[in-house]
Amino acid sequence: MPLKNAISGRLLARLESSYWTSCVQHTRNSCRLPRPMNLGGTRRYSHHVGNNPKPSRSWASLASRSAIVVGIAAGSLQLLSEESNDKPYSKVKKAKVKTFRLAEVKQHDGSSKNPWVIRGTSVYDITDWVRAHPGGEVILTAAGGSLEPYWDIFTIHKRADVYEILEQYKIGEIDDVDLKDGRVPQDAIVDPFKYDPERDERLVTLTPCPRNAETPEVGLREFITPNELFYVRNHFWVPAVDGPEHKIIVELPDGSERTYNVKELKERFQRHKVTTTLQCAGNRRKSMTDGAGPTNGLQWKAGAISTAEWEGVKLVDVLADAGLDIENLPADAQHVHFSAMEAYGASIPIRKAIDPWGDVLLAFDMNGAELPRDHGYPIRVIVPGTVAARSVKWLSQITISEDESPTQWQQRDYKSFCPSDVKNPDWQKARSIQEMPVTSAFTRVEPIRDSKGEVESICAEGYAYSGGGREIIRVDVSVDEGRTWHEAELLDDEAQVSGSKAWCWKRWKYKGQVADDRKTVARAVLVVKATDEAYNTQPHTYESIFNARGNLATAWDHAKVSLGR
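Residues numbered from 1 in each chain as written. Predicted model: local features only at pLDDT ≥ 70, side-chain atom pairs only at ≥ 80, totals over all residues. Heavy atoms only, no water.

(A) The overall build of the protein, seen in detail. What the protein contains, in helices and strands, is 12 helices and 27 strands. Counting all 565 residues of the protein, 57% fall into the buried class. Intrachain contacts of the protein at a sequence separation of at least 6 include 73% that bridge at least 24 residues. Roughly 24,900 Å² of accessible area belongs to the protein as shown, and the carbon and sulfur atoms make up 48% of that amount. (Helix = DSSP H or I, 4+ residues; strand = E, 2+ residues; numbered from the N terminus. Buried < 20%, exposed > 50% of the residue type's maximum accessible area, 1.4 Å probe, protein only. Contact = heavy atoms within 4.5 Å. Areas by Shrake-Rupley, 256 points an atom, 1.4 Å probe, with all protein chains shown as cover.)

(B) Broad picture of the sheet that holds strand β27 (residues 557-562). Here 4 strands make up an open sheet; going across it, the order is β23-β22-β26-β27 and the pairing antiparallel. Looking along the sheet, the strands with just one partner apiece sit at the ends: β23 (486-487) and β27. Of the pairings in the sheet, the one linking strand β26 (residues 523-532) to β27 comprises 6 bridges and is antiparallel in character. Paired with V525 across the strands is K560, a residue of β27. (Pairing = 2+ DSSP bridges.)

(C) Up close: the confidence of the model for the protein. The pLDDT averaged across the protein works out to 84; a share of 81% of its residues lies at or above 70. When the criterion is pLDDT under 50, residues 1-89 qualifies, and its contacts beyond four places in sequence or with other chains add up to 224 contacts. (pLDDT = per-residue confidence, 0-100.)

(D) Seen up close, the pairing of strand β7 (residues 204-208). As judged from the 4 bridges shared by β7 and strand β8 (residues 211-214), these two strands associate in the antiparallel manner. Bridge pairing in β8 places T207 opposite N212. Hairpin remark: β7 followed by β8, antiparallel, with 2 residues in the connecting loop.

(E) Spatial organisation of the packing of aromatic side chains. According to the stated counting rule, one finds 17 aromatic pairs in the structure shown. Relative to W237, the ring of F154 has its centre 6.0 Å away and its plane inclined at 90°; by these criteria the two rings are edge-to-face. With F154 in the loop between α5 (148-151) and α6 (160-167) and W237 in the loop between β9 (232-233) and β10 (247-251), this residue pair connects regions lying 83 residues apart in the sequence. By relative accessible area, F154 is classed as buried at 6%. Ring-pair connections join several aromatic residues into one group, and the members of that group are Y150, F154, F236, W237, Y344 and W409. Lying over the aromatic face of Y163, R119 brings its terminal NZ or CZ to 3.9 Å of the ring centre. Above the face of the W485 ring, K529 is positioned so that its terminal group lies 4.7 Å from the ring centre. (Phe/Tyr/Trp six-rings, centres within 6.5 Å; stacked < 30°, edge-to-face > 60°. Lys NZ or Arg CZ within 6 Å of the ring centre and 35° of its normal.)

(F) Local environment of the pattern of salt bridges. All told, the structure shown has 26 salt bridges when counted by the stated rule. With a shortest N-O distance of 4.0 Å, E217 and R221 are connected by a salt bridge. Take E217: its relative accessible area is 39%, and that puts it in the partly exposed class. Taking relative accessible area as the criterion, R221 reaches 37% and is therefore assigned partly exposed. One salt bridge in this structure joins R284 and D557, with 3.6 Å as the shortest N-O distance. Residue R284 is found in the loop between β12 (271-279) and α9 (285-292), and its partner D557 is found in strand β27; the two are separated by 273 residues along the sequence. Taken individually, R284 and D557 each receive the classification buried, so the pair is uniform in this respect. (Salt bridge = Lys/Arg side-chain N within 4 Å of Asp/Glu carboxyl O.)

Listed below in structure tokens is the structure:
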């Protein structure tokens, strides 16, 4: 057996036995990736398409074990940060080492039949490795240039066993003529985020690369969030896509496939509009950190939530057209996986996907305009009433499976735990977040003063939202830290709503007197809580719902107002 293949097999065996490798589905574009098969104890790869024999039901779990971790993006999945074993490069001087100019390497990009990459000053021909790469064809994004910027994002690669694999594909070194101080010049290294779109400067940015930014107060005060102020949650770079011709593959449990492009979806299927709120699982995480203890992840305040009117085609219509028997689902059709172009992936239960009242869309318009690049151009999934992590952007493949998505974001993130499970939470036992619990927050609090400068009343505004299509029926506000309560006014935004259920937030307003003890108290502490149509209400404290990941931070929201002149 060739050394490369032997090493590749050893790496896959290591990855399959590692608890840290339940991450990324194979990126599924028009060129299908091979699936591992055990034939007489030898690992081989074969394509499964058309009417070939049905794959084993254990495939999804095997993919989960063998897929490589890609979830640790800069400033995002902080819970999973791990010590890097990256070591300084050490050149091994060999006689007659073949050299290449940077211009020649650049020609071997992701579209080349023979993609090359650079690490340090070494050049590698990864043609034979692409098919076996556990992370799929996302590796081609780095082809024609340096791996380093991408491994700074996919940090799991910075390991001795991965370096060992890569060395088997080495074909030479960069010519000294192109080096500066013995290194590849910085201006020759492509920034993965170079072609990200420009953003509105009013967004409240938490991390620039990848961009993660909250909707500012001015955006939260409107029922429909303007596209340019809609919160941004990116795990990686924003893909550059050829819109109308972009292809989406639908794979059924028997392995059969149907490919659509965006233009076909727009022309062949009935269009639908759905107004829905999208909310990050970590919205208001900063409040949980302040109220109960340190949490891992982006420290969102109250702006990782926005509302838009989405237009597209219903997922259930596309699945039926692709050949899925909606009325008599196969036993192994339990989940729908969504794979994105840049490596992200997630899944939802099949019952949500095919629910005629569930309004799950493959959307291409947002608030009457083409999807912005930050929000999934040219096509994304919209799963109303569900955590936004399942509304996958830049959709490339839909897969019907017996198991949940094996990706990082389904298996080892977007879950919640017992408050005491801080160091070693049981990720396998915890369920993936789907429908969101009830929440509310202040977006503006303003004291009203009389002619003497004394505070005579307080005005407050905010939003309230509950997942699963459950309508908000009441919002209560307290101006004395929860001792007494007053019902807020729910604003009537029904004229702006479309969809089968109450998928949207409710805006509310409150105006009332300050507490009677204002002469002895320097500030008032306002509290808000919401109740939905099932009479679910928010927990009182963050201590009771604390989890180390900081997800589902839905306790009473607080705002402090100075009563001084």
